[in-house]
Amino acid sequence: MTLTRRIIPCLDVRDGRVVKGFQFESIRDAGDPVELAKRYSDEGADELVFLDITASEQQRKIISNLVRSVASVIDIPFTVGGGVKSLEDARNILLSGADKVGINTGAINNPKVLTELMNLFGRQCIVVAIDAKRNFDVSIDKNTFTEDGKKFWFEVFVYGGKQATGIDAIDWAKKACSLGAGEILLTSIDRDGTKDGYDTLLTRNIVESVSVPVIASGGCGSPDHMAKVFAESDADAALAASIFHYETHGVAGVKSYLQKRGIPVRL
């Protein structure tokens with residue numbers, strides 16, 4: 001049986017507002033998170049992702065009251081991430097109305113927290129966010145690829161894409177799943193905000209490396225980009241921000257387009 005593909009709008013939140021950037025920089029305002037969340041839920045989004053994008057960098061807790069406000073106006077699964085480092089952080093997010101907890105920097109700094117989270121809340125609640133970027137230094141032993149005659153590997157970044165880790169994204173995805181991740185939210189920093197389409201090479205190789213669902217993120221500029229990432233990588237879900245925030249496309253219209261392309265979606 002073919003699995004239904006999920007369409008997931010993303011709210012990147014900074015200082016209480018939804019923002020959108022280009023390759024994790026050049027941030028601009030995109031609206032009120034509560035208003036946007038309600039709109040996407042009403043339009044038929046399958047899930048919603050809320051990322052407090054400066055929480056880890058600023059070493060602070062996530063904005064719980066804003067999470068509660070968003071949760072109160074939607075009736076779809078809700079993943080929240082940003083600054084999660086401990087069981088207490090995760091518990092606070094879930095008690096604020098989230099269905100799943102997203103963790104990135106906190107898991108890199110303390111991988112065993114994934115097993116602790118899984119044991120307490122269940123694997124289905126744990127979403128490991130991986131922000132990856134091409135690194136053309138192939139002098140070290142990594143999972144390398146060649147494109148346009150250039151060799152590279154995919155490096156994991158933390159603190160909102162600001163700090164390189166030296167960790168190979170494919171290796172980290174495998175490890176994260178072995179420790180307790182129930183889902184991977186995979187963002188291409190190279191493609192973020194470009195509207196040039198998802199990094200299907202990165203997505204496909206992560207999908208093939210793990211047994212949990214993978215959400216493709218970074219670069220969506222049209223419904224066709226979603227169709228392409230589903231066809232070429234077998235991702236379980238496609239996440240987008242710009243095309244929804246600035247009303248280039250609506251969720252319902254995107255789903256109708258995908259259905260006409262033969263991609264199973266929930267209408």
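Report on the accompanying structure. (Residues numbered from 1 in each chain as written. Predicted model: local features only at pLDDT ≥ 70, side-chain atom pairs only at ≥ 80, totals over all residues. Heavy atoms only, no water.)

## Points about the pairing of strand β7 (residues 126-135)
Successive side chains on a regular strand alternate, one facing one side of the sheet and the next facing the other. Across the 10 residues of β7, nine count as buried, placing the element largely inside the fold. As defined by bridge partners, strand β6 (residues 100-103) adjoins β7 across three bridges and the pair is classed as parallel. Bridge assignment links Ile103 to a residue of β7, and that residue is Val128. (Buried < 20%, exposed > 50% of the residue type's maximum accessible area, 1.4 Å probe, protein only. Helix = DSSP H or I, 4+ residues; strand = E, 2+ residues; numbered from the N terminus. Pairing = 2+ DSSP bridges.)

## So, the pattern of salt bridges
Tallied over the full model, the rule gives 13 salt bridges. A salt bridge links Arg266 to Asp46, with the nearest nitrogen and oxygen atoms 3.1 Å apart. Placement of the pair is Arg266 in the segment after α10 (251-260) and Asp46 in the loop between α1 (33-43) and β4 (48-52), with a sequence separation of 220 residues. By relative accessible area, which is 47% here, Arg266 ends up partly exposed. Note that Asp199 is salt-bridged to Arg134, the shortest N-O span being 2.3 Å. (Salt bridge = Lys/Arg side-chain N within 4 Å of Asp/Glu carboxyl O.)

## Focus on the nonpolar core
Of all hydrophobic cores here, the largest spans 75 residues; its most connected members are Phe78, Ile130 and Met226. The element best represented in this core is helix α6 (residues 169-179), accounting for seven residues. Setting aside residues no more than four positions away along its own chain, Met226 makes contact with Ile7, Tyr198, Cys220, Ala238, Ala240, Ile243, Phe244, Val254 and Leu258. Within the second largest apolar cluster, nine residues are counted, among which are Ala129, Leu185, Ile215 and Leu239. (Core = buried A, V, L, I, M, F, W, Y, C linked by side-chain atoms within 4.5 Å. Contact = heavy atoms within 4.5 Å.)

## Quick look at the packing of aromatic side chains
Per the stated rule, a full pass over the model turns up six aromatic pairs. Plain terms: the ring middles of Phe145 and Phe154 are 5.6 Å apart, the flat faces sit at 55° to each other, and that makes the pair tilted. When the ring of Phe152 is compared with that of Phe154, the centres are 5.5 Å apart and the planes differ by 80°; the resulting orientation is edge-to-face. Taken together, the ring pairs in this structure connect Phe136, Phe145, Phe152 and Phe154 into an aromatic cluster. (Phe/Tyr/Trp six-rings, centres within 6.5 Å; stacked < 30°, edge-to-face > 60°.)

## Some details on helix α7 (residues 200-209)
Residue pairs spaced three or four apart in an α-helix point in one direction, given the helix's 3.6 residues per turn. The buried fraction of α7 is high, at seven of 10 residues. For α7, every residue scored as buried is listed here: Thr200, Leu201, Leu202, Thr203, Asn205, Ile206 and Val207. For α7, the side-chain oxygen to backbone nitrogen distance between the N-cap and Leu201 is 3.3 Å, and the N-cap itself is Asp199. (Polar contact = N/O pair within 3.5 Å; in protein donor to acceptor, adjacent residues only side chain to side chain.)

## So, the environment of Gly106
Tracing the chain through its elements places Gly106 in helix α4 (residues 105-109). Once the C-alpha coordinates of Gly106 and Val84 are considered, the two residues, 22 residues apart in sequence, prove to be 5.8 Å apart. When neighbours within four sequence positions are excluded, Gly106 is seen to be in contact with Val84, Lys85 and Val113.

## Re unusual backbone geometry
Here the phi dihedral of Asp15 falls at roughly 55°; this positive angle occurs in a residue that is not glycine. Of note, Asp15 is situated in the loop between β1 (6-14) and β2 (17-22).

## Regarding α10
Here α10 has its buried residues at Val251, Val254, Lys255 and Leu258. Viewed along the axis of α10, the buried residues span an arc of 95°, placing them on a single side of the element. Looking one or two places after α10, you find Gly262, whose phi comes out positive at around 85°. (Arc of directions from axis to C-beta.)

## Things to note about the environment of Leu186
Checked against the element boundaries, Leu186 lands in strand β11 (residues 183-188). Accessibility expressed as a relative area gives 1% for Leu186, which makes it buried. In this structure the C-alpha to C-alpha distance between Leu186 and Val207, which are 21 residues apart in sequence, comes to 9.7 Å. Not counting residues up to four positions away in its chain, the partners in contact with Leu186 are Ile130, Leu202, Thr203, Ile206, Val214, Ile215, Ala216 and Ser217.

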